[in-house]
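Examination of the molecular architecture
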Amino acid sequence: MAPSLHSSRTNAAQTNPISCDPNRSQIDNHVYNYKKLCSPISQNQPKPVYTLPDVDLDEGGDDLWLRMKDEAKSGVEQEPILSSYYYGSILSRDSLSSALANHLSVKLSNSSLSLGTLYDLFLGLLVGDQEIMRAVQDDLRAVKERDPACISYVQCFLNFKGFIACQAHRVAHKLWSQGRKTLALVIQNRVSEVFAVDIHPGAKIGRGILLDHATGVVIGETAVIGNYVSILHNVTLGGTGKDSGDRHPKIGDGVLIGAGTCILGNIRIGDGAKVGAGSVVLKDVPPRTTAVGNPARLIGGMENPIRLDKIPSFTMDHTSHISDAPDYVI
């Protein structure tokens, strides 16, 4: 769950450079307004994690829920054998929060944690929490926009474990923030067992997050992830040893992190940066740059790195500028 977001929502649809139509991908046309949205990272003056405007994607949340119900009805028509599944998960529910509480409880319940107990817990945490529910809606749109394998919102909601694990973390983080740490850790453990995604409930995660495939994702206690970030499978945001305190990475807005990447230590990945698959990052990565390799190096070099002009988490482009790496060989 992200910290409080203070930017104005007035006329966001007209002024926001990354607002998008949930029915149609526009990622190839988005140009990142870095001058407004990014600031240099300084060791002496830490950069706020959340710098992008507060995108007004949560407006029309009721429309998104109605669309999901329509998609569920179409799913029943296409596959009648799934009618009970769609009815119990979506069509019998009166709100997105109720559906999410039910789906999380079904996925995470076991002989020790009953479905009914978890449902009451999750529903009590979700109902009325506009911040979490806005994040849920933004995450749904993020997956639909960025993942070509996502054919509908309802398929993401029901079947994409990266999305489900992220929402379970939002609930666990709220419990952690309320001082209910034992229960939060139990939820974390169940998510790890069920989805192979291990996110400490103390970690802070923004809105519009895509955990693509998600298997093997590990995020440490003091990690902070900004808004509109895309992370692929087997990514570790970890520490470098047994140090206590603030010891995990800080990921800026609009960042793309490729599969198999390890980002270790209390370092910062700047807004709009891209980290190539399989990289090991131990130092700060400036905004708008691309880091690749083990140990990671900036494409173009530290003195004059190539600057990205589009939001990498939106374009999901993992290969541009790779030919500019002088030591890249086949």
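Preceding block: the structure.
If you're wondering where the values come from, they're calculated on a predicted model, not measured in any experiment. (Residues numbered from 1 in each chain as written. Predicted model: local features only at pLDDT ≥ 70, side-chain atom pairs only at ≥ 80, totals over all residues. Heavy atoms only, no water.)

1. Quick word on the overall build of the protein
How we decide: The way it works is that DSSP assigns letters per residue, a run of H or I at least four long becomes a helix, a run of E at least two long becomes a strand, and they are numbered from the N terminus. Throughout this description, buried means an accessible area under 20% of the type-specific maximum (1.4 Å probe, protein chains only), exposed means over 50%, and partly exposed covers the range between. Working rule for contacts: check all heavy atoms of both residues, and any pair within 4.5 Å makes them a contact. Computed with a 1.4 Å probe, the accessible areas rest on the Shrake-Rupley method; for each residue, only the protein chains presented here act as cover.
Tallying secondary structure elements over the protein gives 11 helices and 15 strands in all. When the 330 residues of the protein are sorted by exposure, 52% land in the buried category. Long-range pairs, those at least 24 residues apart, make up 55% of the contacts in the protein between residues at least 6 apart in sequence. About 14,800 Å² of surface is accessible on the protein, with carbon and sulfur atoms providing 51% of the total.

2. As for unusual backbone geometry
Geometrically, the link from N294 to P295 is a cis peptide bond, its omega value of -5° lying close to zero. Assignment of secondary structure puts P295 in the loop between β14 (290–292) and β15 (297–298). In the Ramachandran plot, H213 falls in the positive-phi region, its phi being about 70° despite a non-glycine side chain. Along the chain, H213 falls in the loop between β3 (210–211) and β4 (218–219). Take H213: its relative accessible area is 53%, and that puts it in the exposed class. Positive phi, close to 60°, is recorded for Y228, a residue that is not glycine. Relative to the elements of secondary structure, Y228 occurs in the loop between β5 (224–225) and β6 (230–231).

3. Some points on the nonpolar core
Convention followed: Put simply, a nonpolar core is a bunch of buried Ala, Val, Leu, Ile, Met, Phe, Trp, Tyr and Cys residues held in one set by side-chain atoms that sit within 4.5 Å of each other.
Counting residues in each nonpolar core, the largest one holds 75 residues, and the members touching the most others are F122, F157, I225, I251, I263 and I269. With 9 residues, the top contributor of residues to this core is helix α9 (residues 161–177).

4. Concerning the side chain of D129
To keep it simple, the criterion reads: A 3.5 Å cut-off defines polar contacts: any pair of N or O atoms within that distance qualifies, except that in protein one atom must be a possible hydrogen donor and the other a possible acceptor, and neighbouring residues in sequence count only when both atoms are side-chain atoms.
By the secondary structure assignment, D129 is in the loop between α6 (115–126) and α7 (130–146). By relative accessible area, which is 12% here, D129 ends up buried. Among the polar contacts listed, one links the side chain of D129 to the backbone nitrogen of E131, at a separation of 3.2 Å. Only 2.7 Å separates the side chain of D129 from the side chain of K174, close enough to count as a polar contact.

5. Regarding the packing of aromatic side chains
Rules: Any Phe, Tyr or Trp ring, taking Trp's six-membered ring, that has another such ring centre within 6.5 Å forms a pair; planes under 30 degrees apart are called stacked, those over 60 apart edge-to-face, and the others tilted. Think of it as a cone above the ring: NZ of Lys or CZ of Arg counts as a charge over the ring if it is within 6 Å of the ring centre and within 35 degrees of the ring normal.
Evaluated as defined, the whole model comprises 3 aromatic pairs. Taking 6.0 Å as the distance between ring centres and 40° as the angle between the ring planes, the aromatic pair formed by Y85 and Y86 counts as tilted. Classification of Y85 by relative accessible area gives partly exposed; the value is 31%. Between the NZ or CZ atom of K144 and the centre of the ring of Y153, over which it lies, the distance is 5.7 Å.

6. Some points on the sheet that holds strand β8 (residues 250–251)
Just so we agree on the cut-off: Two strands qualify as a pair provided that DSSP identifies no fewer than 2 bridges between them.
The strand order β2-β5-β8-β11 describes an open sheet built from 4 strands, whose pairing is parallel. The open sheet is flanked by β2 (204–205) and β11 (268–269), the only strands paired with a single partner. For β5 and β8, the ladder comprises 2 bridges, and the chain directions are parallel. Residue pairing for β8: I225 is matched across the bridge by I251.

7. Brief notes about a nonpolar patch on the surface
Applied cut-off: Here a patch means residues that are over 30% exposed by relative accessible area and free of salt bridges, tied together within 9 Å if like-charged and within 5 Å if nonpolar (Val, Leu, Ile, Met, Phe, Trp, Tyr). For this analysis, a salt bridge means a side-chain nitrogen from Lys or Arg found within 4 Å of a carboxyl oxygen belonging to Asp or Glu.
Where nonpolar side chains cluster on the molecular surface, the patch consists of I81, L82 and Y85 and spans about 290 Å² of accessible area. When you line up the elements, I81 lands in the loop between α3 (61–78) and α4 (83–91).

8. As for the pattern of salt bridges
Counted under the stated rule, the structure contains 7 salt bridges. Across the pair R190 and E193 runs a salt bridge whose closest N-O atoms are separated by 2.7 Å. Taken together, the positions of R190 and E193, both in helix α10 (residues 181–195) and 3 residues apart, correspond to about one turn of that helix.

9. Section: the environment of W176
If you trace the backbone, W176 turns up in helix α9. Look at W176 and you get buried, because its relative accessible area is 16%. Residues W176 and P201 lie 25 residues apart in sequence; the distance between their C-alpha atoms is 6.1 Å. What W176 contacts, discounting residues up to four positions off in sequence, is K181, A184, L185, H200, P201, G202 and E221.

10. Some thoughts on the packing of α9 against α10
The condition that has to hold: Under this scheme, a helix contributes an axis fitted over its contacting stretch, all axes are lines through C-alpha atoms, and angles between N-to-C directions fall in the 0 to 180 degree range. For classification, angles of less than 35 degrees are called roughly parallel, those exceeding 145 degrees roughly antiparallel, those between 65 and 115 degrees roughly perpendicular, and all remaining angles oblique. Classification convention: Asp, Glu, Lys, Arg as charged; Ala, Val, Leu, Ile, Met, Phe, Trp, Tyr, Cys, Pro as nonpolar; all other residues, Gly among them, as polar.
In the contact formed by α9 and α10, the axes pass within 8 Å of each other and the chain directions differ by 170°. By the angle class used here, α9 and α10 are roughly antiparallel. In this structure, α9 contributes K161, I164, A165, A168, A172, L175 and W176 to the contact, and α10 contributes K181, L183, A184, L185, I187, V191 and F195. The class makeup of the residues in the contact of α9 with α10 is 12 nonpolar, no polar and 2 charged.

11. Examining α6
For the record, the criterion: Multiply 1.5 Å by the residue count of a helix minus one, and that product is the helix's expected span. The arc under discussion is defined with respect to the helix axis, by the directions toward the C-beta atoms.
For α6, built from 12 residues, the straight-helix expectation of 16 Å at 1.5 Å per residue is met to within 8% by its first-to-last C-alpha distance of 16 Å. Within α6 the residues assigned to the buried category are L118, Y119, L121, F122, L125 and L126. For α6, the angular spread of the buried residues around the axis is 165°, confining them to a single face. Structural note: α6 exposes D120 and G124 on the side pointing more than 90 degrees away from its buried face. Along its buried surface, α6 packs onto α5 (96–108), α7, α9 and α10. In the segment just after α6, G128 is the residue with positive phi, at about 85°.

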